[in-house]
Amino acid sequence: MQQDIETPLRKRTHNLAHDLVAKLSQSILLGQLKPGEKLPSEGAIVREHGVSRTVVREAISKLQASGLVETRHGIGTFVLEPNGEQGLRLNVDTAAGVRGILELRLGLETQAAALAAQRRSEQQLQQMRQALDDYQRLLSNNDSCVEADRRFHLLIAEATSNSCFVEIMQHLGSAMIPRTRVNMAERGQADLGRLAQFANLEHEAIFNAIKRQDPDAARAAMWLHLTNSRDRFGAGV
């Protein structure tokens, strides 16, 4: 009988830790917790998220294993700088490299969009809306909207409730939105402002499908966005 009681408890603790890892990872990936910044204390995390100290310790351990944070005994836990030697090393300095990234994202993000449509929370939807509002504001001011673009796609990965999507997107890093890193000669006649305007309309279609909780429409909208991005870039519009 004692074993029957303990087993569900261990499972619940594991699930709570998984959820906390996802929340803290999102804060790090979206830049809300920056490299070198100290995480809130164990007690503060307990109070903010309503979990036990055991759950917090398990979550911190998982973040350490993933290379996102390190704990300095007697001082606290700190966000680590991205390590260029870890994860995927992708060539995004040429037009061919950009097209390759977009083809990779086609397989990954179409499924992520469908799952996000089924599983997203209202809070996640509001965060996506904010990312797109920021994108539009930056675009209208002729400022770089790459950060808002990347944030929108990361939020979709987060809304899948599957940490594997978030971790893969994390490994892609800045290669996720690589268009600005291609040199002018390779870019040809591509107008990055015009590309961003097209992407803006496609982002809205993805968002609306996720908002309606229509996985087929979300999958199709993401597929259209990424294939159009690949084709537009290749055509040098």
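Up top you'll find the structure we're talking about.
Here the structure is a predicted model, which is why all the values come from computation and not from measurement.

Parameters at a glance
- Residues numbered from 1 in each chain as written.
- Predicted model: local features only at pLDDT ≥ 70, side-chain atom pairs only at ≥ 80, totals over all residues.
- Heavy atoms only, no water.
- Salt bridge = Lys/Arg side-chain N within 4 Å of Asp/Glu carboxyl O.
- Helix = DSSP H or I, 4+ residues; strand = E, 2+ residues; numbered from the N terminus.
- Buried < 20%, exposed > 50% of the residue type's maximum accessible area, 1.4 Å probe, protein only.
- Pairing = 2+ DSSP bridges.
- Arc of directions from axis to C-beta.
- Polar contact = N/O pair within 3.5 Å; in protein donor to acceptor, adjacent residues only side chain to side chain.
- Axes fitted to C-alpha atoms, helices over the stretch in contact; angles between N-to-C directions.
- Parallel < 35°, antiparallel > 145°, perpendicular 65-115°, else oblique.
- Left-handed = near helix turned anticlockwise from the far one by under 90°.
- Contact = heavy atoms within 4.5 Å.
- Nonpolar A, V, L, I, M, F, W, Y, C, P; charged D, E, K, R; others polar.
- Core = buried A, V, L, I, M, F, W, Y, C linked by side-chain atoms within 4.5 Å.

*Asks:* Sorry if this is basic, but what is going on with the pattern of salt bridges here?
*Replies:* Opposite charge on two side chains lets them pair, provided their charged atoms get close. Counted by the stated rule, this structure contains 11 salt bridges. Notably, a salt bridge pairs Asp 133 with Arg 129, separated by 3.1 Å at the nearest N-O pair. A residue pair is termed a helical-turn pair when its members lie 3 or 4 positions apart in one helix, as Asp 133 and Arg 129 do in helix α5 (residues 122–140) at 4 residues. Residue classification places Asp 133 among the partly exposed residues on the basis of a relative accessible area of 33%. The partly exposed category is assigned to Arg 129, whose relative accessible area is 24%. Here Arg 219 makes a salt bridge to Asp 216, at a shortest N to O gap of 3.2 Å.

*Asks:* Is there a simple way to think about the pairing of strand β1 (residues 69–72) in this case?
*Replies:* In the sheet, β1 pairs with strand β2 (residues 76–79) via 4 bridges, with the strands oriented antiparallel. Bridging from a neighbouring strand, Thr 71 pairs with Thr 77 of β2. Count of turn residues in the β1/β2 antiparallel hairpin: 3 residues, of which Gly 74 carries a positive phi of about 85°.

*Asks:* Got a minute to help me understand helix α7 (residues 163–172) in this structure?
*Replies:* Residue pairs spaced three or four apart in an α-helix point in one direction, given the helix's 3.6 residues per turn. Within the sequence span of α7, burial applies to Phe 165, Val 166, Met 169 and Leu 172. The buried residues of α7 occupy one face: seen down the axis, they fall within an arc of 115°. The N-terminus of α7 is capped by Asn 162, whose side-chain oxygen sits 2.9 Å from the backbone nitrogen of Cys 164.

*Asks:* Explanation requested: the packing of helix α2 (residues 42–49) against helix α3 (residues 53–65) in the structure shown.
*Replies:* When two helices pack together, their arrangement is captured by the angle between the axes and the distance separating the axes. Between α2 and α3, the shortest axis-to-axis distance is 9 Å and the interhelical angle comes to 110°. For the element pair α2 / α3, the angle class is roughly perpendicular. Our pair here, α2 against α3, has a crossing hand that is right-handed. Contacts between α2 and α3 involve Glu 42, Gly 43, Ile 45 and Val 46 from the former and Arg 53, Val 56 and Arg 57 from the latter. Class assignment of the residues belonging to the contact of α2 with α3 gives a composition of 3 nonpolar, 1 polar and 3 charged.

*Asks:* Mind showing me how you'd approach the nonpolar core here?
*Replies:* One broad trend across soluble globular proteins is that nonpolar side chains are buried collectively. Counting residues in each nonpolar core, the largest one holds 32 residues, and the members touching the most others are Met 128, Phe 152, Ile 156, Ile 206 and Ile 210. In contact with Ile 156, not counting residues within four places along its chain, are Ala 112, Ala 113, Ala 116, Met 128, Ile 206, Ile 210 and Met 222. Among the nonpolar cores identified, the runner-up in size contains 18 residues, and Leu 33, Val 46, Val 56 and Leu 68 belong to it.

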